Amino acid sequence: MQNRAPHRRANLRDVAAAAEVSVATVSRVLNAPGSVARDTRLRVEDAMARLHWTPSAAARAINSGRSRFVGALVPTLDHDIFARLLAELESRLAEHRLSLVVATTRGDPQTEARKAQGLLDIGAEGLLVSGAARAPEFHALIERTRLPAVATSWYDPGYALPTVGYDNRAAALMALRHLTDLGHRRIAVLHGPLATNDRTALRVTALEESDHDLVFHATGMTIADGRAATRAALAAPVRPTALLCLSDVQATGALQECLHAGIRVPEALSVIGTDDLPGSAHLYPALTTVHLPVGRMGRVAADAIAGWVEAQRRPEAQLLDTALMARDSTAAPPSEA
């Protein structure tokens, strides 16, 4: 049997020849179809269909000078809050005909700077980052390239990059005020690592500077960590009447530990979280928490970076409101307290 030569994929020149136009005309049909006469455009589109040809992203970038993608640098993909942020970013950027490429940093500024350079090397037209901590190399990269970059998850109109987010200090104090208004004075704070999370550090600093005598328990960011920190808090010589958790994940662990230990929430112990994760309203008891507008933040940040990339409009810092979600896990302290 005679071997048949493999079928060659059509290329841009084949499309131009089939449509009897120049290669430049095919490029204009792809990148600026409104500038091409209707009959010519239809001939090119028909040739593309007959040859089963679609342009690669690389070809589009070469022809147009545009990659049409934005990079997002987040500490981790393990936490629901970042998954929700990225989902909203990707959905909204698609409305602007932009794609999203994600890289993780483990909360390390040097890793962030290195991966930012990597995203720029493959054509990123803008960057979205999380939090406040940046390496000098990152700022130098932005200054040198004038690359649009927006910081999410916190708000500071004086920061080097435009910020889109919420007031982390105010969120922590909102949770504290809810507990003190109920009458709690013995409050333990459960929080995550400070060295790799500047948002948590802002919340802890705000609580430390308050007029209340709080006990702090540093722990990890899993439900098991929340359970362990709850055990430590309840084993203290002076037992708290409330736990203020700086994440809903830790608060979920606190509720599970109380259930395991036979401690009734909120009759014997109040528990409040920070995040308002989708499942928090469906815990038992339903978790009181501070709502962080993560979904809206993703949409607003996407609009901000898209406007900068597409129209060279540098966005202003945007403050998004937080809100107390009072549910069933908090109440006045027991009378004997």
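Structure first, text after, so check above.
Residues numbered from 1 in each chain as written. Predicted model: local features only at pLDDT ≥ 70, side-chain atom pairs only at ≥ 80, totals over all residues. Heavy atoms only, no water.

### Here we look at the sheet that holds strand β11 (residues 318-319)
Next up, step 1: Pairing in this open sheet of six strands is parallel, and the strands run β2-β1-β3-β4-β5-β11 from one edge to the other. The strands lining the two open edges of the sheet, one partner per strand, are β2 (99-104) and β11.
Next up, step 2: Relative to strand β3 (residues 127-130), strand β1 (residues 69-74) is paired through three bridges, and the arrangement is parallel. Bridging from a neighbouring strand, Ala72 pairs with Leu128 of β3.
Next up, step 3: Sheet strands in contact with helix α6 (residues 109-121) are β1, β2 and β3, and its direction is about 165° off that of β1.
Next up, step 4: Contacting β1, β3, β4 (149-152), β5 (163-165) and β11, helix α12 (residues 294-311) runs over the sheet at an angle of about 170° to β4. (Pairing = 2+ DSSP bridges. Helix = DSSP H or I, 4+ residues; strand = E, 2+ residues; numbered from the N terminus. Contact = heavy atoms within 4.5 Å. Axes fitted to C-alpha atoms, helices over the stretch in contact; angles between N-to-C directions.)

### A short note on the sheet that holds strand β10 (residues 288-291)
Next up, step 1: An order of β7-β6-β8-β9-β10-β12 is seen for the six strands of this open sheet, with the pairing classed as mixed. The sheet terminates laterally at β7 (214-218) and β12 (323-325), the two strands that pair on one side only. Within this sheet the neighbouring strands show an average axis-to-axis angle of 20°, counted without direction.
Next up, step 2: Direction of pairing for strand β9 (residues 270-275) relative to β10: parallel, over a ladder of four bridges. By the bridge assignment, Thr274 is partnered in β10 with Val290.
Next up, step 3: Across the sheet, helix α8 (residues 168-182) is in contact with β6 (187-191), β7, β8 (242-245), β9, β10 and β12; its angle to β8 comes to roughly 170°.

### Observations regarding the nonpolar core
Next up, step 1: Among the nonpolar cores identified, the biggest contains 42 residues, and Leu89, Leu128, Leu207, Leu244 and Ile305 are the most heavily contacted of them.
Next up, step 2: Within the residue set of this core, elements represented by two or more residues are β1, α5 (80-95), α8, β6, α9 (198-208), β8 and α12.
Next up, step 3: Among the elements that make up this core, the one with the highest residue count is α12 (nine residues).
Next up, step 4: Apart from the residues within four sequence positions on either side, Leu207 is in contact with Ala172, Leu173, Leu176, Val189, Leu214, Phe216, Leu244 and Leu246.
Next up, step 5: Core analysis: the next-biggest nonpolar cluster, separate from the first, contains 19 residues, Leu73, Phe138, Leu147 and Ala149 among them. (Core = buried A, V, L, I, M, F, W, Y, C linked by side-chain atoms within 4.5 Å. Buried < 20%, exposed > 50% of the residue type's maximum accessible area, 1.4 Å probe, protein only.)

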